[in-house]
Structure formats: structure tokens, C-alpha cells
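# Structure at a glance
Spelled out, the chains give:
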Amino acid sequence: MDLHLKNLFDRFQEQFGSGPGLGPGSGSCLMKVEGISPNFIKSVFKASAALYRTDPWKRLRPGHLFGIRVGKDSDWSSKKQLFPCVQFIGGDGGDLGFNMFRSENDAKKMTGSRETIRVPNIELLRVTFEDEPLMFPSNRKMIKSLSLEASGTNRFPVIDVARCTSSGSLQFRNPTLEELRFVYAFMKAIALVHPLLQVDEDGGPKWSRLVHFEPFIETVDVQWPPETAKGYDLVAVTVSHPPGQAYKEKTSSTSSTPTKYAEPPKEDTFVDVILYLNGSMRQCATCEREVHGEQALCCGRCRAVLYCSSVCQKQHWKETHKSMCGLYEAMMEREEELAMKIFMFPCTAEQPCKWLESLGIHQKGMWRRKCSCYSHCPFGLLPVKGGLWDSWGGLDDEEYPRDSPFHHHLRDGISSPILLSGWSEYYNLRSLPLSSPVADILSHPLTVYYILTALSISSKNLLLKGKEVILHYLGPEGELDWMPAFAEVGHLLNGLGNIQIIMVGPEVPTNLSGTTSGIGSRVRVNLVRGVYQEEANYLPSPHVIVALNCGLDNYSSWNGALNLIKSMGTPAFFTDQSEVSCANAKQVLRSAGLHITHPVTPNPFRSPVKSHGSSSNLPAYSNGFMLGVNT
């Protein structure tokens, strides 16, 4: 009987295959990878579990190939992408996991109609999710000793690299640490973007059972875990389907985002989630009616968009929201990551006046620009009472940065600009208590300083040589009243180099246009009223251009400025408050023929105070994210 069943199974396998995949695990164990740390193994398993929870196998089949780019080719020892083509397997049987190939051609050769074809001399990296009882003892021991996170119910990833020999057998090896970094970045990125794929009803042959998706490409920013970062925290990961997709320039900037989104479920179900928002007034995303915070509802899936009633929620879903919900849900999941938990003052300003009152700085000094109480006063013309203490709203002396240089801060015995990577480092440098809210205003000058010393290599080199950097600062508003805060840029230069900041914008008061202010000995600010494209010819050529909280999709006047930036070829950096606004900015920039050369990344000097949109809960911070062109 057993022989009969074996023959029957062999005949079935010969006719129909055994499903995609290369079979059981090879016995590889991440603990055997040279140079790996237990913390990185934990990070890999955590990323794997996060991907598993998104269930890509529900829609994806081996025939759906993805192109992957992680950072630049020069980031890898081979000077090329390690595994630029990926397929998910197991959605219709066989091994559950994904295969990563050296090329799209290799992937196509090994992808059969029912199973994975063993093609001689092709190497692939595979991640398979296996039940713990079926795993090799070395892996079970590793899982127990490191308390690794499970993927689903008692499943864990097994990662190995397989090569098919000419005889049809398989050879396995452990992945290298570099290959694991590539896998980690892919898992973090694909978990965010695969839900955004949109079904193409007219794509593919009618007889095919394979679901076809519209062409898709998106770049997301993945944060390396601390134990594997190599001098930089973030890497841009581009995912495309099918492989080889490129961003298409569009003639209109009215589209909100270049991304495609997930197919809505067949049955639209709604959950009314009641929000408790301390009595603030919000706005319905559909009818724009004001609604009391305690009565507001939000989407039960993404929890990002607010409504006055379930009627408006259903209408918005049909008109707009069902194409955005998957993206918003992914953005909401990053809220914990974006929150700056080091600070000891309230970091949410749902009602700005009350937030300022709780800190004792309402309607005082530079803080007057943080609420609407002085909106009647033109930018740059707030009455100034006295010195620095008054400018900082009467904070205690130890709670704001003094107008003094940094003593005894030398590098190799030589005075040079102080390089900063985040708020914690700055607060320690200035001996400021983490209960001080000054980061909310200092976000503007320190973002400028970070761009000049960390992101723009040419500017950094000029400053290190003791030369002057000319920066064109576009669209200033509240910053025009924060000049005392910009003095900190000069102190951070630490006795080397000079910066000329030329602020150009329609909000510069007429009586201040053409004036120059010396802020300390190393920074001077020129104010020019007007739109950039009309004034630029009269200004000294810039080394860098910046626009903070730019709102590129909100003002048509940006079109001329962006055309000029393109023709000049000058490095330009933009910040905005949320990922949605940055997605809009990316589309506007591409429409102007500019290529995103610095991907959207969280700004380490973003304000720690969360802003609240009138009809949105999406994470938003002043100068929250940055991106760049011509870099």
C-alpha cells in the first residue's frame, strides 16, 4: 500500500509539480554568519514578522516580479545591487516565503507554471517561513536563546542562499552580513508598498488566472537598525512592478501623489471610531463642517481621516479615500517611530494657545508666531521689547541657548564647525534641560545648519576651508521674527567659515526689503521682498537653496521658482510637515522636470511638537521630512 501511494504521489508531482519553492530548510543558521550581532538578528526577525502580518501572499504569486534598489550601487561591495528581482511564493501552495534573484532573467528562468525550476548555476537568496517544530535544532536553539519574534503562529524565517548544480541538486550556504542588510531593507520597504498595488482589470490575457497589477514604482526610506548603520541612518529603497519601471514625468501637478494604491475590498465595511480630542474643533474631510473633537469620527481602518458622521465617511470612501487608505494606514504606523520621546515637555499642540499657556510662554517673545493671536501683525514686524530673555518668552536662563560661543570644542586641536546628528546631541552640547521647548523654534535654523554641514557636501567643504557659503532661503514667514534663534547657526560654525542667508519671499515686509542684518560675526541675513524667479538675477549665485515647510502643491508661484532651480542646477532642499505633503511635493518636482536625488527622509531636527491638521490625524511636524534635488 505504501509503495502504491508513493508511486501515485510521484506521478502527481511529475504532472503537477510540488508547488513553488526549493523544499525544506537547508540547516543554515544566522548565528553562523560572520560578524553578525544578536541585536541585528532580532531586527531581521522583527522586520520579517512585520512583513508577515501584511500577508503579501493573499494577492501575490510567483509570476509577480518586483524590481528592488537599495541605496546606490556603490553602497555594496560588488558595486551593484545584490538581488534586484524578487518574487513571493506560497500563495497557491509550496514553500511560503520569497525568493531574491541576481537578475530578472534568472527569476524568469526559474519560474515555472506550477513550481520552481532548478536551473544550473543560478544563485538565489530565499526566505521561507517554517513551523518551529520542523526547523533544524540550531535554529530552534537560536530562537529560544534570543527570544526572537515569531511570524504568525509559531512560524519563523529561515534565510539561506541556494545554487542549482548541473546535476539538478542544490548547494546551500549561509547569507553574508551584507546580503542580510539587503534583505532587511527589502522587507521593511515591501511591507509598506505592496498594499498600494492596484489591480489592472484590462491587463494580461483573458485566459490567465494571474491577477495583473498596474505598473507601479515607489521609493520609501528605511531606517537601518543601530547595530548595522554605517555612518548613516536611512537608505532609500525603490520598489517597482514589473521590474524596470521608471518614474514618469507628468504635465500636471494637480495629482496628489504618484503612487498607485490597493484594490478596495469587495465589501466596504466601516467602523466608526470616536475620538477624544480634549474639546478642540476639527473639520469633516467630506463636507468641511466644523465638528467638536468629542463628536468626531475617523476611518476605522487607517484612523487618519476625520468625519462628522458615518454618512460623510461612506461618501468620502467612495469618492477618494478608498484609494488612499492603505497609504495612510502605513503612515499612521510610523507615528511611534517619528515621535521624539526624549523630551519632557508636552509634544502635542492640538490647541496652540493652550499648549503655550501650559509652558508659560503664550503671547511672549518669538513664541507669538506659534499661535494665531498675532496673525494681524505682518511677519518680521512683531514688537521687540528687550534682549534674548524676552525673545525666548521669559524662559529660565538655563532653558534657552545663550548668545555665546562653544568653548573648548576642538577637533584634532583645531576649531571647526560642530557636526550634529540630532536634538539629543545639541541639548547636551548646550546643557539644556529636556524640559525646554526651544527645539520647536530652533528647528528652522538647525535644519538649515544640518543641510549645510551634513547633506550638502560642497557647502560643508567650503565651511571647513573657512570660506563663505551663500544660501537662498525661499518663502520665509514666521522665521522673519526668529532672527535671535538663527544666531545659533553662527555659534555652531565655531570660528570657521561664514554663511550669507538671503531670504526671498512675498511675506518680507516692504520696509525691511533690501536690509542686511548681522547675526553674530559669521552669519548675515539679507531680506528681499518678491518671488524668487523675478529676484534671483539680482542676487549673488547660491551654493544651496532651501525652502522650509514649503507646501509645493499649495502655491502656483512655485512653478517659476522650480523651473529656475532646474536651469541653475543648484542643490535645493525642501522640508514639509507630513509624508503626504512630501508625496505631493515629489510629484510637483517631477512635473517640473526635477529628479529627487535626496529621498524623502525624516528630518533629525524636525520640531518635536506634533501638529494637527483640521481633518487629519497623520503624523505631522514642522520641518518633519526633507527631500532634495540637484544634490
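Residues numbered from 1 in each chain as written. Predicted model: local features only at pLDDT ≥ 70, side-chain atom pairs only at ≥ 80, totals over all residues. Heavy atoms only, no water.

### A look at the overall build of the protein
Counting its secondary structure elements, the protein contains 17 helices and 21 strands. For the protein, with 631 residues in total, the buried portion stands at 51%. For the protein, the share of sequence-separated contacts (at least 6 apart) that also reach a separation of at least 24 residues comes to 70%. In the structure as shown, the protein presents an accessible area of about 28,800 Å², 50% of it carried by carbon and sulfur atoms. (Helix = DSSP H or I, 4+ residues; strand = E, 2+ residues; numbered from the N terminus. Buried < 20%, exposed > 50% of the residue type's maximum accessible area, 1.4 Å probe, protein only. Contact = heavy atoms within 4.5 Å. Areas by Shrake-Rupley, 256 points an atom, 1.4 Å probe, with all protein chains shown as cover.)

### Some remarks on the confidence of the model for the protein
The pLDDT averaged across the protein works out to 84; a share of 87% of its residues lies at or above 70. Mean pLDDT across the secondary structure elements of the protein bottoms out at helix α1 (residues 2–16), with 45, and peaks at strand β18 (residues 544–547), with 97. Confidence drops under a pLDDT of 50 for residues 8–19, and excluding neighbours within four residues, the segment shows 11 contacts in the predicted structure. Low pLDDT, under 50, characterises residues 247–272; the stretch is placed with 69 contacts to residues that sit more than four places away or in other chains. (pLDDT = per-residue confidence, 0-100.)

### What about the sheet that holds strand β2 (residues 85–90)?
Strand order in the open sheet formed by eight strands is β6-β5-β4-β3-β2-β1-β8-β7, with antiparallel pairing between adjacent strands. Single-partner strands in this sheet number two, and they are β6 (170–173) and β7 (216–223). Taken pair by pair, the neighbouring strands of this sheet meet at an average axis angle of 30°, ignoring direction. The strands touched by helix α2 (residues 38–53) within the sheet are β2, β3 (93–101), β4 (123–131) and β5 (155–164), with β5 carrying the most contacts at an inclination of about 100°. (Pairing = 2+ DSSP bridges. Axes fitted to C-alpha atoms, helices over the stretch in contact; angles between N-to-C directions.)

### What about the packing of aromatic side chains?
One pass over the full model with this rule turns up 24 aromatic pairs. Between W76 and F182, the ring centres sit 5.4 Å apart and the planes meet at 65°, which makes this aromatic pair edge-to-face. Here W76 is found in the loop between β1 (65–70) and β2, whereas its partner F182 is found in helix α5 (residues 177–193), with 106 residues between them in sequence. The buried category is assigned to W76, whose relative accessible area is 2%. Under the relative-accessibility criterion, F182 is labelled buried at 0%. (Phe/Tyr/Trp six-rings, centres within 6.5 Å; stacked < 30°, edge-to-face > 60°.)

### Section: the pairing of strand β20 (residues 596–602)
Burial analysis of β20 places five of its seven residues in the buried class, which makes it a mostly covered element. Direction of pairing for β20 relative to strand β21 (residues 625–629): antiparallel, over a ladder of four bridges. Across the sheet, T601 pairs through a bridge with M626, a residue of β21.

### Digging into the pattern of salt bridges
In this structure the tally under the stated criterion is 19 salt bridges. Notably, a salt bridge pairs E149 with R53, separated by 3.2 Å at the nearest N-O pair. Taken together, the residues E149 in the loop between α4 (137–146) and β5 and R53 in helix α2 connect sequence positions 96 residues apart. Overlapping salt bridges bring together R102, E123, R163, R173 and E179 as one network. (Salt bridge = Lys/Arg side-chain N within 4 Å of Asp/Glu carboxyl O.)

### Quick look at the nonpolar core
Ranked by size, the top nonpolar core spans 77 residues in total, and within it L30 and F98 carry the most contacts. Sort the elements by how many residues they give to this core and α5 lands first, with 11 residues. Membership of the second largest hydrophobic core comes to 60 residues, among which are W355, M366, L455 and F605. (Core = buried A, V, L, I, M, F, W, Y, C linked by side-chain atoms within 4.5 Å.)

### What about the side chain of H241?
Along the chain, H241 falls in strand β8 (residues 234–241). Classification of H241 by relative accessible area gives buried; the value is 7%. A distance of 2.8 Å separates a polar side-chain atom of H241 from the backbone oxygen of L65. Filtering out sequence-adjacent residues up to four positions away, H241 remains in contact with H64, L65, F66, L197, F213, E214, P215 and F216. (Polar contact = N/O pair within 3.5 Å; in protein donor to acceptor, adjacent residues only side chain to side chain.)

### What about the sheet that holds strand β16 (residues 516–519)?
Judged by pairing direction, the sheet is mixed, and its eight strands sit side by side in the order β16-β17-β15-β14-β18-β19-β21-β20 without closing on themselves. Edge positions in the sheet fall to β16 and β20, since each has one partner strand and no second. Within the sheet, the average angular offset between the axes of one strand and its neighbour, ignoring direction, is 20°. Sheet topology places strand β14 (residues 468–474) next to β18; three bridges connect them, and they run parallel. Bridged to L471 within β18 is V544. The strands touched by helix α13 (residues 457–464) are β14, β15 (498–505) and β18; relative to β14, the strand with the most contacts, the crossing angle is about 140°.

### A look at the side chain of Q500
Locating Q500 in the fold gives a position in strand β15. Overall, the relative accessible area of 8% leaves Q500 in the buried class. Separated by 3.2 Å, the side chains of Q500 and R524 make a polar contact. In contact with Q500, not counting residues within four places along its chain, are E468, V469, I470, L471, R524, N526 and P540.

### Points about empty space enclosed by the protein
With the rule as written, the count across this model stands at four cavities of 30 Å³ or more. Size it by volume and the second largest cavity reaches roughly 50 Å³. Surrounding the second largest cavity, S28, C29, L30, F45, M135, N139, M142, P157, V158 and I159 form its lining. Of all the secondary-structure elements, those providing two or more residues to the lining of the second largest cavity are α4 and β5. Considered class by class, the residues forming the lining of the second largest cavity number eight nonpolar, two polar and no charged. (1 Å grid on protein atoms, 1.4 Å probe; cavity = no way out; pocket = protein on both sides within 12 Å on 5 of 7 lines; lining within 4 Å. Points joined across faces, edges and corners; volume = space filled by probe spheres on them. Nonpolar A, V, L, I, M, F, W, Y, C, P; charged D, E, K, R; others polar.)

### With respect to the packing of helix α12 (residues 439–455) against α13
Put simply, α12 and α13 touch, their axes get as near as 6 Å, and they point 90° apart. Our classification of the angle between α12 and α13 gives roughly perpendicular. Judged by residue contacts, L452, T453, A454 and L455 of α12 engage I457, S459, K460 and L463 from α13. Counted by class, the contact of α12 with α13 contains five nonpolar, two polar and one charged residues. (Parallel < 35°, antiparallel > 145°, perpendicular 65-115°, else oblique.)

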